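Survey of secondary and tertiary structure
Spelled out from the first residue to the last, the chains are:
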2 protein chains.
Amino acid sequence: MNNDLLIFVTNDDGYDAKGFAAAIEVARHFGRVVAIAPETVQSGMSQAITMYRPLFLRKVREEEGVEVYALNGTPVDCVKMAFDHLLLGRKVDLVISGINHGSNAAVNVLYSGTMGAAIEGSFYGCPSVGLSLTDHAADADFDAAVEYGRRIIADVLASKPALPLCLNVNVPIARPEQIRGVKVCRQNRGFWREEFFRREDPRGKEYFWLTGEFVNHEPESEDTDEWALAHGYVSVVPVHTDTTDYSRMEGLRQVIR
Amino acid sequence: MNNDLLIFVTNDDGYDAKGFAAAIEVARHFGRVVAIAPETVQSGMSQAITMYRPLFLRKVREEEGVEVYALNGTPVDCVKMAFDHLLLGRKVDLVISGINHGSNAAVNVLYSGTMGAAIEGSFYGCPSVGLSLTDHAADADFDAAVEYGRRIIADVLASKPALPLCLNVNVPIARPEQIRGVKVCRQNRGFWREEFFRREDPRGKEYFWLTGEFVNHEPESEDTDEWALAHGYVSVVPVHTDTTDYSRMEGLRQVIR
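Before going into details, it helps to say that this report is about the structure given with it. Predicted model, so just to flag it, every value in this text is computed and none were measured.

1. Some thoughts on the relation of the copies chain A and chain B
Expressed as a screw transformation, the operator carrying chain A onto chain B has a rotation angle of 180° and an axial translation of 0.0 Å, and the superposed copies differ by an RMSD of 0.0 Å. A rotation of that kind, with that shift, is consistent with a two-fold axis. By residue overlap, the copies meet face to face through one surface: 100% of the interface positions of chain A are interface positions in chain B.

As structure tokens, this is what we get:
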């Protein structure tokens, strides 16, 4: 642990999640920590921003080298509040988002509030890392995620990477010594198919709960994040934020008059 | 107008937005329309999904060839509700999301509820098009967006494109005859920088409104969507949903042990 660097930490499970404390533990290895997390759970909030209601920021606690705030907004709101207000003018060296309770591999990167914040963090000129554990339990065991998160971030920072850089790191459920290693992967191609859970309210009105199942369209592809996690590896996917599909441009130019 | 195809329409401004009626007008050129839009404005909701409260679906109106529903959820919830419940088992030929009141060019594609829904639509095996007009006004003039939206979609459908296909179409403020043409572009590189508007509530407690300014880092690049719009063209950006940055994989493999 040193105090040379300034690390910003956020998440999508809220400021009192066990995984948030684990992310602060990772961050403390690298320097001083300023953290802003949502007041309430913001899972599935993607890169959403809050446009139509005001945001209240409050300090939750402060101790040696760690300041923690809560914001009544989305994960991306937390990042913007840090860089464009609370830490404005200070050099931030690293963003850590997480540690998420649940996988953000494959297409989950698009729905995830954890990864929404990590992507947003990469817009502000420092490496940004989303950390997730494939365990939704509130009391999940974060030991392996803390250890591998720290190791991966140390390696990446030591390499002085070109920016922007955003990483989607997922850790399987295992004790640290059971992890088989780290794989740099591509995002698995697969989608969720939902099953709406139908219920009736006390007045007989129908309503639905969104619930679904991830369908892995390529379970045999050994270069994907889903494969790595299923086989006991930590997955690291570099995420870019230019969503242009360059491979389609020329074809579309031929078609659209 | 014909009734051969089945078109699903959604948006992020809500079921009673003028732009939503404009999107249904575009869709009616191609076939029968089933539309589900959010009950309330969902701008900036990205690809968010609703996990922690139930969803109520209600029919708003039905007329010749058009059924309109409202859902108390996000734009992506609307798409999932359509494909995985309301239209389950029926072949949908096209998704239209919009027409958004406001630009979704450049990095706005990541924050936009309109584009979140368009991306989600592309996961279900049909072409999916997000349409946006660079005018936030509630009573904006959608004539050019309707005309160019129809023309672009007709060209794309006639080409029987490979799937998945997701397009981000933006139309500048102009009368149809003033539009200089259509450009297939890449997503402009630029970010928002926020300025938090500080206020105090009646009890003296500080709060903030998120407000910002888009910073175009490459205003001279003629191949971007921002350039096209600034010069009177309709922009079309093909959007892909594999966010892996393949260019970084080998370098990371060298770095992470």
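2. Remarks on the sheet that holds strand β7 (residues 166-171) of chain B
Residue and element names in this part refer to chain B. Judged by pairing direction, the sheet is mixed, and its nine strands sit side by side in the order β3-β4-β2-β1-β5-β6-β7-β13-β8 without closing on themselves. Strands at the two margins of the open sheet, each flanked by one partner only, are β3 (57-63) and β8 (182-184). On average, adjacent strands in this sheet sit at an angle of 20° to one another, irrespective of strand direction. Note that β8 and strand β13 (residues 234-238) share three bridges and pair parallel. Residue pairing across strands places valine 182 opposite valine 234, the latter belonging to β13. Strand contacts of helix α1 (residues 18-28): β1 (5-10), β2 (31-38), β3, β4 (66-71), β5 (94-101) and β6 (128-133), with the helix running at about 150° to β5, the strand carrying the most contacts. Taken strand by strand, helix α5 (residues 143-158) contacts β1, β5, β6, β7, β8 and β13, and its axis lies near 155° from that of β5.

3. Observations concerning empty space enclosed by the protein
The final tally for this structure, using the stated rule, is one cavity of 30 Å³ or more. Of the voids in this model, the largest cavity is the one considered here, and its volume is about 220 Å³. Forming the walls of the largest cavity are 22 residues, and the residues nearest its centre are Gln47, Leu110 and Ile119 of chain A together with Gln47 and Leu110 of chain B.

4. Brief notes about the side chain of aspartate 225 of chain A
Residue and element names in this part refer to chain A. Residue position: aspartate 225 is located in helix α6 (residues 225-230). We note that aspartate 225 is buried and unpaired, the nearest opposite charge coming from arginine 186 at a distance of 7.3 Å. Those residues in contact with aspartate 225 that sit more than four places away from it in its chain are Ala105, Ala106, Cys185, Arg186, Gln187, Asn188, Ser235 and Val237.

5. Focus on the environment of glycine 31 of chain B
Looking at where glycine 31 of chain B falls in the secondary structure, it is placed in strand β2. Each C-alpha atom of the pair glycine 31 of chain B and aspartate 4 of chain B lies 5.3 Å from the other, and the pair is 27 residues apart in sequence.

6. Examining the sheet that holds strand β3 (residues 57-63) of chain A
Residue and element names in this part refer to chain A. With respect to topology, nine strands assemble into an open sheet ordered β3-β4-β2-β1-β5-β6-β7-β13-β8, the strand pairing being mixed. The two strands at the open ends of the sheet, each matched to only one other strand, are β3 and β8 (181-184). Ignoring which end each strand starts from, the neighbouring axes of this sheet average 20° apart. Where strand β7 (residues 166-171) meets strand β13 (residues 233-238), four bridges bridge the pair, whose relative direction is antiparallel. Residue pairing for β13: valine 169 is matched across the bridge by valine 236. Contacts between helix α2 (residues 75-86) and the sheet are confined to β1 (5-10), β2 (31-38), β3, β4 (66-71) and β5 (94-101), with β2 contributing the most and set at about 130° to the helix. With respect to the sheet, helix α5 (residues 143-158) is in contact with β1, β5, β6 (128-133), β7, β8 and β13, its orientation differing from that of β5 by roughly 160°.

Procedures and definitions
Residues numbered from 1 in each chain as written. Chains lettered and ligands numbered in written order. Predicted model: local features only at pLDDT ≥ 70, side-chain atom pairs only at ≥ 80, totals over all residues. Heavy atoms only, no water. Least-squares fit on C-alpha atoms with pLDDT ≥ 70 in both. Contact = heavy atoms within 4.5 Å. Pairing = 2+ DSSP bridges. Helix = DSSP H or I, 4+ residues; strand = E, 2+ residues; numbered from the N terminus. Axes fitted to C-alpha atoms, helices over the stretch in contact; angles between N-to-C directions. 1 Å grid on protein atoms, 1.4 Å probe; cavity = no way out; pocket = protein on both sides within 12 Å on 5 of 7 lines; lining within 4 Å. Points joined across faces, edges and corners; volume = space filled by probe spheres on them. Buried < 20%, exposed > 50% of the residue type's maximum accessible area, 1.4 Å probe, protein only. Lys, Arg positive; Asp, Glu negative; His and termini not counted. Salt bridge = Lys/Arg side-chain N within 4 Å of Asp/Glu carboxyl O.

It is worth stressing that arrangement in space is one thing and function is another; only the former is reported here.
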